[in-house]
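# Examination of the molecular architecture
Listed here are the chains, written in short residue letters.
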Amino acid sequence: FVTMPLKDLFSRGKKDKAAPAGGAPAAAASKPSAADPIMALFERYKEPEEDRIGPEGVLSLCSDMKIEATDVKVLILAWQLNAQTQGYFTRNEWKQGLTDLRADSPAVMLGRLDAQERQLRENTRSSAFKDFYRFAFRFSRSPGQKALEIETVKALLPIVFVASHAHLAKLLSFLDASPSVRGFTEDQWNSFLVFSHEIAEDFSNFDPEGAWPSILDDFVTHCQQ
Amino acid sequence: EFPPQIPPLWAILLPAGLPGSLLKVFAMNTSVDLIPLEAGWDKMKEGVGKFTTIMETDFRESFPVALHSELYQTCYAMCTQKSPHNWADELYKRYGTMYEDQLNKSVLPAIKEKHGEAMLQEFAKRWRNHKLFVRQMWKLFVYLDRFYIKRVSALPLKAVGIQKFEQVVFNAVKDDVRSGVLSLIEKEREGEVVERDLLKSVVNVFVEIGDWRPLFPTRPGEEIGDIGSARLNVYIKELETQLLAATSEFYARESATWIGTDSCPEYMKKAEKRLTEEVNRVASYLHSSSEEKLLKECEQQLLANHQSALMDKEETGCRALLREEKAEDLRRMHKLFQRLPNTPTCGLQPISQIVREHIVDVGMNLVRKEEAEKDHKNYAQQLIDLHDTYLALVQGPFANNTLFQKVLKEAFEVFVNKDIGQTTTAELLSSFCDNIMKSGGDKIEGEIDTILDKIVMLFSYLSDKDMFAEFYRKQLAKRLLLNRSASDDDERSLITKLKYRCGAQFTSKLEGMLTDMNVSKDTQANFSTFLNGSEFSLGMDCTVTVLTTGFWPTYKVDEVALPMELLKCVDTFTRFYESRTSHRKLKWIHNLGTCVLSGRFDAKPIDLVISTYQACILMLFNQEEEYTTADIASSTKLSMEELKKYLHTLSLSKYQILTKNPKSKEIGDGDSFTFNRKFTDRQRKIKMSLLVTKVSQDEKQSTKQTVDEDRKHAVEASIVRVMKARKTMPHTQLVSEVSVQLMKLFKPEPKVIKNRIESLISREYLERDKDNQGVYKYLA
């Protein structure tokens, strides 16, 4: 979504057309009842030969919601749906997620996602934000990888955080200046959130002997030079 | 009330001490003549007068027995007469005032009219006499003591006597007496001889006057007090306190005059002398309980107050004494300052810090000097010598005091862990051991063990013990494989000592190596038997040493192509070995092997002791006359680089077995070689082994790498061990527990520990607590 260039999104979608997604095989897909608007939506966006919504469907949904594919709301949606695979929503994920969201049309979805976005922005210390932040990492990984590539990290952070966070800008410039850092582990990613909440702008309360991952030690040293 | 029966006179007199032979039994006067008060009192006063006369004539006569019994009877009668003729109360009262009169009239003036020492003499004499007087009076009035005082809860007679003395005489003259005593003491301290017996008598008065109080309760219902300590109340309040103050002042003055001019040793000698004098003084004429307090004052003034000034004296203070190894003076210093309370600024602690600094200075100087040297063969021995010196210092003058043992260790830990340029002390200690193990033969038995003990002492100061172990392992391997070890026992001895220090795991590889050597001997014996029993022969003697992987350093496994003859040996042994064992695979390491070739030169045959590689090269010339470098390379499968090294030794060094064409100094790829028939030497057997025994720069690097790798694993293992046991732990605590666990081997850096924690997190052995960034949890 927000992390992959659009053309990759498309080419990926086409490549995966042959492989069926997790969930019910295309042939056995049962027609939802006309009275269930959520599943009707699903039918609208889903891949023709698979029982899941693919990148093309997502694009469609975005345009129906009148948002860009790079909007953070798409990531929030994925979070709400607890989507396991970038670019795809399974039938179950869609059903459960939209039910929880209490949305059954793009307009309503937009409204809910807007509200969610505001809430997350306003309260970055909430457990909801923490959950969202952590989800963003896991979701953005390439399949089979444990770490997140540094370019993805650099793109993802400003989206997830309010871009004006003090530490964020410095971290990004630190990462630019550190070619040896190739990626972030989950621990490093999660720790940065705690760091951004606990550590003062001038790093006055930073303890280098503390439990921070050493990349953050290097980060602080770099800023203090 | 009154005794119902009148006891016979002798029953009362006997306990009062009258010798039986002088006893005259007098019939009791049972007549009804009542004794009036004044008449009776006058009678009693006769006794007082008599005894006073006796005292004043220096006890030339004793108190008449007849008078004694008469007075006793009088007192008795006066106390037992029926009311209103019972004079017990009055008698008791007059008994008291009798003392007051006596003391005021004659005793006090006698003392007051004298001065100085004479006054003290009089005072002591009067007290002596008074005690006797009290005793005598008691004998006369004893009936009151037995049957009156309890009834009215009054002070016993003797106590009254002493109390009166205290009130009338003692309190009046005590200040003068005290000054007299103190001034005599000061005179004695100044060097004059004084009358010690007199002082003893006078001081005793203070003690004895205090004696009566706890023994005789003064108020009804009062308990007998703690005799022990209360006894000295008068002594302490009226004499000791002032004595201590005067002592303090005296030594403050005296030490002030010494400190500016005397050297530290001189001052200490003087102080020691003074302290001995004071002990002697107490024993002679003070109460023993004063010793501790008195010495404390002296020690404070003489030692504590001037400690820093003394220690810091430029030419003669503590540092100077250490530099010049003045054992006697240091011994005295230890004995003296041991007396002071043990605080960071007073007593032995500051001295121990000076000792520590000194040892560190000397050690660092050695380190700096050594850094300028080209080779460091002597460093370990110098460290040993240094340690011997300072160990002797700690054990001798400092009497093995734990404080000094501690600073010795701390000091050595500082400089033993300094590298000498690029070389670590760990390596140098290991090389030192290497030399000993190789040349051990020329030392006597016990001597080697002593040296090894000393090395282990130095080893214990290393923080990077694992570095030592790695160098030692490499060097041990070379010794064993090249058969350079002088004594198997010595090798085992050192390993046992290290095991004792660091545990079995530390030495397990080393022990494994020694075991391998022994097992190889057995295997070799079996191999010989096997060969003897079989049909074919190898055509040569072949000795194989089998090494267990893991114990030994990693050696490169070769790809060298052996000549047929050697290959036959290798194959035969392999077959033999694999038939005797299961699940084992042999990998051959020919670059450690040696070979003895017989060279058929024109002049005479000479045996060449060479490495297996060199043998492979030379044996080619059994087949062809001439080879180029490239040819040899392809035949032997040696790398060009290695081959050129060996060809150099065979053609361009001391013994030129091969003739090189062209005669240039370098080995070129296209050079050609032939067998040098014309070669000869005086000896029949020459050694040409290439194997290097000194530690090269590469080896240093590889050792360091091995150690770093092992450390990473050790840290991880420790982290996992701790976390598995505790399940959850905050970061700083984990770092510190891991450090403690590993301290015996090396000092782990907190950064390294942190890295390993992160690695374990990403490998999902641990996780961070979701709500607490600083706490880790174990993942089962």
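These notes cover the structure that comes with them.

What counts and how
- Residues numbered from 1 in each chain as written.
- Chains lettered and ligands numbered in written order.
- Predicted model: local features only at pLDDT ≥ 70, side-chain atom pairs only at ≥ 80, totals over all residues.
- Heavy atoms only, no water.
- Helix = DSSP H or I, 4+ residues; strand = E, 2+ residues; numbered from the N terminus.
- Rg over C-alpha atoms; globule rule 2.2 N^0.38 Å.
- Contact = heavy atoms within 4.5 Å.
- Areas by Shrake-Rupley, 256 points an atom, 1.4 Å probe, with all protein chains shown as cover.
- Patch = residues over 30% accessible without salt bridge, like charges linked within 9 Å, V, L, I, M, F, W, Y side chains within 5 Å.
- Salt bridge = Lys/Arg side-chain N within 4 Å of Asp/Glu carboxyl O.
- Lys, Arg positive; Asp, Glu negative; His and termini not counted.
- Charge placed at Lys NZ, Arg CZ, Asp CG, Glu CD.
- Buried < 20%, exposed > 50% of the residue type's maximum accessible area, 1.4 Å probe, protein only.
- Buried area = accessible area lost by both parts, 1.4 Å probe.
- Polar contact = N/O pair within 3.5 Å; in protein donor to acceptor, adjacent residues only side chain to side chain.
- Nonpolar A, V, L, I, M, F, W, Y, C, P; charged D, E, K, R; others polar.
- Axes fitted to C-alpha atoms, helices over the stretch in contact; angles between N-to-C directions.
- Left-handed = near helix turned anticlockwise from the far one by under 90°.
- Pairing = 2+ DSSP bridges.
- Parallel < 35°, antiparallel > 145°, perpendicular 65-115°, else oblique.

### Points about the overall build of chain B
Each helix and strand counted, chain B has 30 helices and nine strands in total. Its C-alpha atoms give chain B a radius of gyration of 49 Å, more than 25% over the compact-globule value 28 Å for 780 residues. Dimensions of chain B, computed from C-alpha atoms along their principal axes, come out at roughly 160 × 65 × 65 Å. A separation threshold of at least 6 residues defines the contact pool for chain B, and within that pool the share at least 24 residues apart is 70%. Put simply, chain B shows about 40,700 Å² of open surface, and 51% of that area lies on carbon and sulfur atoms.

### Points about a negative patch on the surface
On the surface, a cluster of negative charge is made up of E624, E625, E626 and D631 of chain B. Residue classification places E624 of chain B among the partly exposed residues on the basis of a relative accessible area of 48%.

### A short note on the interface of chain A and chain B
Opposite the 16 residues of chain A that make contact, chain B presents 16 residues. Regarding the contact of chain A and chain B, the summed buried area is about 1,200 Å², with carbon and sulfur atoms giving 40% of it. In this structure, R768 of chain B engages D187 of chain A in a salt bridge whose closest nitrogen and oxygen atoms are separated by 2.6 Å. In this structure, the connection of chain A to chain B is made through 13 residue pairs in polar contact (both at pLDDT 80 or more). Elements supplying a minimum of two residues to the side of chain A that touches chain B: α7 (127-140), α10 (186-198) and α11 (214-224) of chain A. The dominant element in the side of chain A that touches chain B, judged by the number of residues it contributes, is α10 of chain A, at four residues. Split into classes, the residues belonging to the side of chain A that touches chain B amount to five nonpolar, four polar and seven charged.

### Considerations on the packing of helix α25 (residues 612-620) of chain B against helix α26 (residues 629-636) of chain B
Residues and elements named next belong to chain B. Interaxial distance between α25 and α26 falls to 10 Å at its minimum, and their mutual angle equals 115°. With respect to the hand of their crossing, α25 and α26 are arranged in right-handed fashion. The residues of α26 that touch α25, namely those facing C616, I617 and L620, are I632, S635 and T636. Considering only residue class, the contact of α25 with α26 consists of four nonpolar, two polar and no charged.

### Observations regarding the pairing of strand β1 (residues 594-600) of chain B
Burial of the side chains of β1 of chain B is restricted to one face: C595, L597 and G599 of chain B are buried, whereas none of T594, V596, S598 and R600 of chain B on the reverse face is. Between the antiparallel neighbours β1 of chain B and strand β2 (residues 605-611) of chain B lie four residues.

### Observations concerning the pattern of salt bridges
Two side chains of opposite charge can pair, provided their charged atoms sit close to one another. Residues and elements named next belong to chain B. Applying the stated criterion across every chain, the model contains 74 salt bridges over all chains. E470 is paired through a salt bridge with R473; the nearest N and O atoms lie 3.2 Å apart. In this pair, E470 and R473 are both assigned in helix α21 (residues 465-481), three residues apart and thus about one turn of the helix distant. Judged by relative accessible area, which is 6%, E470 ranks as buried. Classification of R473 as buried rests on a relative accessible area of 8%. Among the ionic pairs, K678 bridges to D602, the shortest N-O distance being 3.8 Å. In this pair, K678 is assigned in the loop between β5 (672-675) and β6 (685-687) and D602 in the loop between β1 and β2, connecting sequence segments 76 residues apart.

### A word on the packing of helix α4 (residues 88-112) of chain B against helix α5 (residues 116-147) of chain B
Residues and elements named next belong to chain B. Between α4 and α5, the least distance of the axes is 11 Å, while the angle of their chain directions is 165°. With respect to each other, α4 and α5 are oriented roughly antiparallel. Viewed along their axes, α4 and α5 form a crossing whose handedness is right-handed. Judged by residue contacts, A88, L91, Y92, Y95, M98, Y99, Q102, L103, S106, V107, A110 and I111 of α4 engage M119, E122, F123, R126, H130, F133, V134, M137, W138, F141 and L144 from α5.

### A short note on unusual backbone geometry
That bond from S83 of chain B to P84 of chain B is cis: its omega, 0°, falls within 30 degrees of zero. As for its placement among the helices and strands, P84 of chain B is situated in the loop between α3 (65-80) and α4. Positive phi, close to 60°, is recorded for K66 of chain A, a residue that is not glycine. Examined against the element boundaries, K66 of chain A turns out to sit in the loop between α3 (55-65) and α4 (72-81). By relative accessible area, which is 74% here, K66 of chain A ends up exposed. Located in the positive-phi region is K727 of chain B, a residue other than glycine, with phi close to 70°. Note that K727 of chain B resides in the loop between α28 (697-726) and β7 (728-730). Owing to a relative accessible area of 49%, K727 of chain B belongs among the partly exposed residues under this scheme.

On their own, these measurements won't tell you what the molecule is for.
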